[in-house]
Amino acid sequence: MSYSGIGVSPGIAVGPIRRVTRTQLSEPVPASPRSVFKALDAVATDLEKRAESVALEVARDVLSAQAMIARDPALVEAIGARLLDDIEYPDVRSQITEAFAGFKEALAALGGYFAERVADLEEISDRLLAMLSGQEYEDVKLSEPSVIVALDLTPADTASLDLNFARALVVEKGGPTSHTAIVARGLGIPAIVGCVGIMDVPEGQIIMVDGREGLVLTNPSDGEIEARNTREESLRARASSVVGPGRLSDRTPISLLANAGNAQDAISAATVGAEGIGLFRTELLFLDRNDEPSVDEQVELYRSVFEAMAGRRVVVRTLDAGSDKPVPFINAIHEENPALGVRGWRLTRTADNVLDRQLDAIAAASRAVNADIWVMAPMIDVPSEAAEFAHRARARGLRRVGVMVETPASAILADKVLAEVDFASLGTNDLTQYVMAADRLDSRLSDLTSTWHPAVLRTIKMAASGAEALGRPIGVCGEAAANPQLAAIMIGLGVSSLSMAPSALAEVRGFLAQVDRATCVRAAEQVLAVSSADEAEGIALDLFGS
Ligand code: PEP
Ligand code: MG
């Protein structure tokens with residue numbers, strides 16, 4: 001049997017399944033308000049202690065963040081509002097569940113990164129009830145090398161796993177930005193999220209996990225294991241064998257850039273030899289801000305990223321607030337359909353000055369450092385928006401002005417949109433969700449949200465042709481750039497730069513060094529002619545190998 005999900009940490013692992021399940025408390029939990037607050041404090045202290053004792057930095061951050069939630073005065077207040085009398089309540093489960101429910105709903109409604117934080121709250125509430133009922137909250141204990149399988153791992157489960165025995169993680173729920181994914185990448189073990197059906201596989205069953213492909217095989221044969229291990233090793237070897245700027249085998253230059261959300265990412269990008277930052281997601285700096293940061297504060301934050309890339313290109317994206325990345329100080333209004341609502345550039349309709357102040361800060365930061373600062377706007381749909389953005393950016397002395405092409409409209413009208421600006425970057429994550437009309441965060445739709453789909457590839461071709469007609473450069477900064485075969489297809493379709501997570505760069509660079517432009521063009525022509533994502537991927541594998 002095989003199961004598939006989203007591969008979030010590459011590598012091959014084989015081992016017996018160790019299922020992690022959490023049982024709900026079925027007995028009443030009697031307590032007084034005083035003992036509830038004492039227990040909440042003990043839960044926070046315990047999380048803080050765990051944070052101090054784990055070596056892995058990302059795990060430490062996860063545990064500290066949870067401890068902070070447990071100490072949040074708003075949470076204490078919500079519990080206090082439900083336990084008013086200073087008496088011993090016969091059962092406090094419903095009051096505690098209700099107090100947490102409000103917070104969970106608010107996070108879930110925000111979607112994306114925030115929705116994935118619901119697991120943090122669930123764990124704190126479970127730990128609190130376990131503490132009050134005098135039960136040990138059971139940690140995941142392993143006594144032999146195992147593949148951990150769960151509906152969803154709590155952040156602390158993931159952070160405190162015994163690395164000597166945890167071979168891989170596979171969860172039914174979760175997305176690419178869940179803690180399971182973040183911690184697994186930090187630990188360097190293979191991981192798959194959104195793997196529907198995996199909880200039906202029995203405890204102890206031997207499975208093979210391919211964290212690169214997002215594939216689980218039950219009872220793999222020796223031949224299958226060997227073939228996948230050999231492939232993984234050769235991919236890693238190829239990645240480390242090529243250095244320097246991106247080039248195809250015929251010497252065609254392809255700029256290889258990195259995506260960054262903060263100065264730390266920019267430093268990682270410099271370490272892996274990125275030629276610059278192709279997408280600086282500025283909104284990620286402000287996801288937890290209730291108030292707009294001052295221009296001065298913004299200047300400092302942008303400068304820290306520019307300085308890590310001194311002498312190189314940094315493409316700054318103006319705030320892409322909204323939809324999966326709501327920023328509290330700007331996205332205050334509830335929207336029925338936020339992916340199609342007021343997000344990205346469209347925020348100029350409701351919070352115009354925020355963008356102006358951000359452009360002021362980007363311009364000031366760019367004057368203060370020696371880096372090649374480009375600026376682009378997200379979610380540009382029509383040419384007049386591109387013209388307005390270019391006007392505002394150029395008025396501040398920003399010389400290289402571009403747009404993200406991530407809606408079907410801007411791709412179809414690329415020859416008009418690009419006439420207003422200097423360059424474009426294809427946001428293939430959003431472009432795919434909008435072409436396919438399928439939510440990019442919904443793992444049930446992952447077959448539809450594939451950039452391999454010829455409907456998406458034809459749209460990209462249209463955008464690239466529009467750019468080519470005007471002689472303007474067009475690149476890719478969505479996840480598609482991080483998949484070597486798909487990156488080669490993008491080149492065949494006409495893009496000249498690729499921007500990706502720093503961790504993907506070496507592999508893409510190594511792969512591209514082996515293919516020539518003519519093969520990329522031939523592959524692109526062929527994938528445009530098929531009817532499904534699988535066929536397109538098959539063609540690329542046949543032509544390029546893996
Ligand atoms: C994209 O949509 O492809 C993109 C790069 O932007 P984000 O993922 O931040 O929406
Ligand atoms: Mg986008």
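Here, every reference points to the structure presented above.
These lines cover the structure that appears in this document, whether it is placed above or below.

Overview of the packing of aromatic side chains
Counted by the stated rule, this structure contains 5 aromatic pairs. Taking 5.9 Å as the distance between ring centres and 80° as the angle between the ring planes, the aromatic pair formed by F511 and F544 counts as edge-to-face. You can see F511 sitting in helix α19 (residues 502-512) and its partner F544 sitting in helix α21 (residues 533-544), a full 33 residues away along the chain. Relative accessible area serves as the criterion here: at 1%, F511 is assigned to the buried category. Note on F544: relative accessible area 11%, which makes it buried. Just above the ring of W374 sits the side chain of R313; from NZ or CZ to the centre is 4.2 Å. Looking at R400, its charged tip hangs above the ring of W374, at a distance of 4.1 Å from the centre.

What about the site of ligand 1?
In the vicinity of ligand 1 there are 15 residues, among which R281, R317, K325, N429 and R440 approach most closely. In this structure, K325 approaches ligand 1 through a side-chain N or O atom, which is 2.8 Å from an oxygen atom. One of the backbone nitrogen or oxygen atoms of T428 is found 3.0 Å away from an oxygen atom of ligand 1. Bound to the protein, ligand 1 loses 99% of the 290 Å² it would expose on its own. Of all the elements in the fold, those that place two or more residues in the shell around ligand 1 are β10 (276-281) and α16 (428-436). The element contributing the most residues to the shell around ligand 1 is α16, with 3 residues. Residues that form the shell around ligand 1 fall into these classes: 3 nonpolar, 4 polar and 8 charged.

What to know about the pattern of salt bridges
A full pass over the atoms with the stated rule returns 32 salt bridges. Residue R71 is joined to D41 by a salt bridge in which the shortest nitrogen-to-oxygen separation is 2.5 Å. Here the residue R71 occupies a position in the loop between α2 (57-70) and α3 (73-80), and D41 occupies one in helix α1 (residues 33-53), the gap between them amounting to 30 residues. On the basis of relative accessibility, which here comes to 36%, the residue R71 falls in the partly exposed class. Residue classification places D41 among the partly exposed positions, given a relative accessible area of 40%. Salt-bridge contacts for R71 lead to E48; the nearest nitrogen and oxygen are separated by 2.9 Å. A residue pair is termed long-range when its members are at least 10 positions apart, and R71 in the loop between α2 and α3 and E48 in helix α1 qualify at 23 residues. Linked by salt bridges that have partners in common, E283, R317, D320, K325, R343, D430 and R440 make up one network.

Calculation notes
Residues numbered from 1 in each chain as written. Chains lettered and ligands numbered in written order. Predicted model: local features only at pLDDT ≥ 70, side-chain atom pairs only at ≥ 80, totals over all residues. Heavy atoms only, no water. Phe/Tyr/Trp six-rings, centres within 6.5 Å; stacked < 30°, edge-to-face > 60°. Helix = DSSP H or I, 4+ residues; strand = E, 2+ residues; numbered from the N terminus. Buried < 20%, exposed > 50% of the residue type's maximum accessible area, 1.4 Å probe, protein only. Lys NZ or Arg CZ within 6 Å of the ring centre and 35° of its normal. Near = heavy atom within 4 Å. Polar contact = N/O pair within 3.5 Å; in protein donor to acceptor, adjacent residues only side chain to side chain. Areas by Shrake-Rupley, 256 points an atom, 1.4 Å probe, with all protein chains shown as cover. Nonpolar A, V, L, I, M, F, W, Y, C, P; charged D, E, K, R; others polar. Salt bridge = Lys/Arg side-chain N within 4 Å of Asp/Glu carboxyl O.

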